[in-house]
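# Structural features, examined
As a plain string of letters, each chain reads:
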Amino acid sequence: MPKKNIFKEKVENLKAEGIFRKLNILEGPNEAIETVNGGQYVINLCSNNYLGFANHPRLKKVAIEAIEKYGVGAGAVRTINGNTILHEELDKKIAQFKHEEAAHHFQSGLTCNSGAIQAISEEGDLILSDELNHASIIDGSRLSKADRKVYKTCNMQHLEEMLKMHRKNYKNVFIISDGVFSMDGNIAPLPEIVALAEQYECLTYIDDAHGSGVLGKNGRGTVDHFGLHGKVDLIVGTLSKAIGSIGGYIAGSKNMYEWLNHRARTVLFSTALPPASVACSIEAIKMLQESSEYTEKLWENARFFQNKLKENGFDIGKTQTPITPIQIGDEAKTMEFGKKLFQEGIYASPIIFPTVQKGTGRIRCMVSATHTKEQLEEVIRILNKVRDNS
Ligand SMILES: *Cc1c(COP(=O)(O)O)cnc(C)c1O
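What counts and how
- Here the residue index of a chain counts from 1 through its sequence in written order.
- Note on the predicted model: pLDDT of at least 70 is required for a residue's local features to be given, and 80 or more for side-chain atom pairs to be given and counted; whole-chain, interface and lining totals, by contrast, use all residues.
- Water and hydrogen atoms play no part in the side-chain values, which are based on all heavy atoms of the structure.
- Salt bridge criterion: a side-chain nitrogen from Lys or Arg within 4 Å of a carboxyl oxygen from Asp or Glu.
- The helix count covers DSSP runs of H or I at least four residues long, the strand count covers runs of E at least two residues long, and both are numbered beginning at the N terminus.
- For every residue, the accessible area (1.4 Å probe, protein chains only) is compared with the maximum for its type, and the residue is labelled buried under 20%, exposed over 50%, or partly exposed between those bounds.
- The criterion used for residue contact is that any of the two residues' heavy atoms lie within 4.5 Å.
- Definitions used for this entry: grid spacing 1 Å over protein atoms alone; cavity, a set of points where a 1.4 Å probe fits but cannot get out; pocket, an open set with protein on both sides within 12 Å along at least 5 of 7 lines; lining residue, one with an atom within 4 Å of a point.
- Grid points are joined across faces, edges and corners, and a volume is the space filled by probe spheres set on the points.
- Each residue gets one of three labels, nonpolar for Ala, Val, Leu, Ile, Met, Phe, Trp, Tyr, Cys and Pro, charged for Asp, Glu, Lys and Arg, and polar for the others, Gly among them.

## Thoughts on the pattern of salt bridges
Taken as a whole, this structure holds 14 salt bridges when the rule is applied. Residue Lys-286 pairs with Glu-283 through a salt bridge whose shortest N-O separation is 3.8 Å. Separated by three residues within a single helix, Lys-286 and Glu-283 lie in helix α11 (residues 275-290), roughly one turn from each other. A salt bridge links Glu-300 to Lys-373, with the shortest nitrogen-to-oxygen separation between them at 2.8 Å. Placement of the pair is Glu-300 in helix α12 (residues 293-311) and Lys-373 in helix α14 (residues 373-388), with a sequence separation of 73 residues. Beyond isolated ion pairs, a larger network of salt bridges with shared partners links Arg-58, Glu-283, Lys-286 and Glu-290.

## Focus on the environment of Lys-171
Checked against the element boundaries, Lys-171 lands in the loop between α6 (156-166) and β6 (173-178). Using a relative accessible area of 53% as the deciding quantity, one classes Lys-171 as exposed. With 174 residues separating them in the primary sequence, Lys-171 and Gly-345 have C-alpha atoms 54 Å apart. Not counting chain neighbours up to four residues away, the residues in contact with Lys-171 comprise Glu-122, Gly-124 and Asp-125.

## Concerning the layout of surface pockets
Empty space left among the atoms is revealed by rolling a probe the size of a water molecule over them. Of the pockets and cavities examined, the largest pocket occupies roughly 1,100 Å³. Looking at the lining of the largest pocket, the elements with two or more residues in it are α13 (331-343) and β12 (349-351). Counting residues per element, the lining of the largest pocket draws most heavily on α13, which supplies seven residues. Classifying every residue of the lining of the largest pocket by side-chain character gives 15 nonpolar, seven polar and four charged. The volume enclosed by the second largest pocket comes to roughly 550 Å³. Considering only residue class, the lining of the second largest pocket consists of seven nonpolar, seven polar and five charged.

Here you go:
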């Protein structure tokens, strides 16, 4: 009997709806200029490699040294036999960088949220989640036995209404929000969230994946940006974006660290990170601590690019960070715009429904510290050209 092909119809439906896509193939490292798909030369405006650390010589060197010393794989989960000196050092380094008592790292930001949220919450608790929170927060909340409710994005009035109505019915209440929202580039209203959490005796859980290495002193993140050290209970971040390596982490109290060691399923049941990746993350945090040159260059480029866009009449929405969403609107138009940009050598991602609301399609440009002014000017020139011809 032939194998059942349950996917054929699904894939055909994707094609019929016009949302089927093929992956682009990079032929070298993630850089400001890349070759893709058999030799096409493009300016890369869609990676999270904010600081250029993903291919930094200093980080490549420590990765190679770590492989020589510790091998290529950790060999076990952290709680059994996969916890090297490097893994221990990384936790301490993150805690120090974040000004927190302790930190626990995971294999990725996704496995951090999917493991930690379930572990810290239980039946009788409530999770209040921003409607635009990252998918991994949604997944983690679904795995939790706590009840879940969603508030309108960054809408503190709505959040307070929910607290007024529901706080009394629950033991612990967790307010969970992204620090920076990845599709619009706006920053969560942390001071207000913290004030509400204090007033209604809730815990705060802030996922700062796009804020770490970007906002605050030397890239310490959104909590530092607002001067709220010691006021946020649980701070999540990723080592896969600005830090340039891979991994995720949660920073908070020593007791939190111990609890996650016993209860976070992604710590207990998934192998520890490869030593080379861990070594890179440690070194990358050292680089941030030693110098603000990387984050300063990132912001200089972001300001330069965003000002030029505004001067040229492009609408970049409500961004407050290097994430630059050029508003187009219509879904088909956005896809077409993205395709034309790509043909002209600009690799920037068109983002449409269901990732964002219907009619709010946009070309999301991610500026990095390693773009040159000439490259960014070239992008503006081509953006104008594509707009004028469409
Ligand atoms: C990217 C992202 C993650 C996932 O991080 P990975 O390390 O890539 O798994 C989690 N949360 C938020 C808010 C993110 O933007």
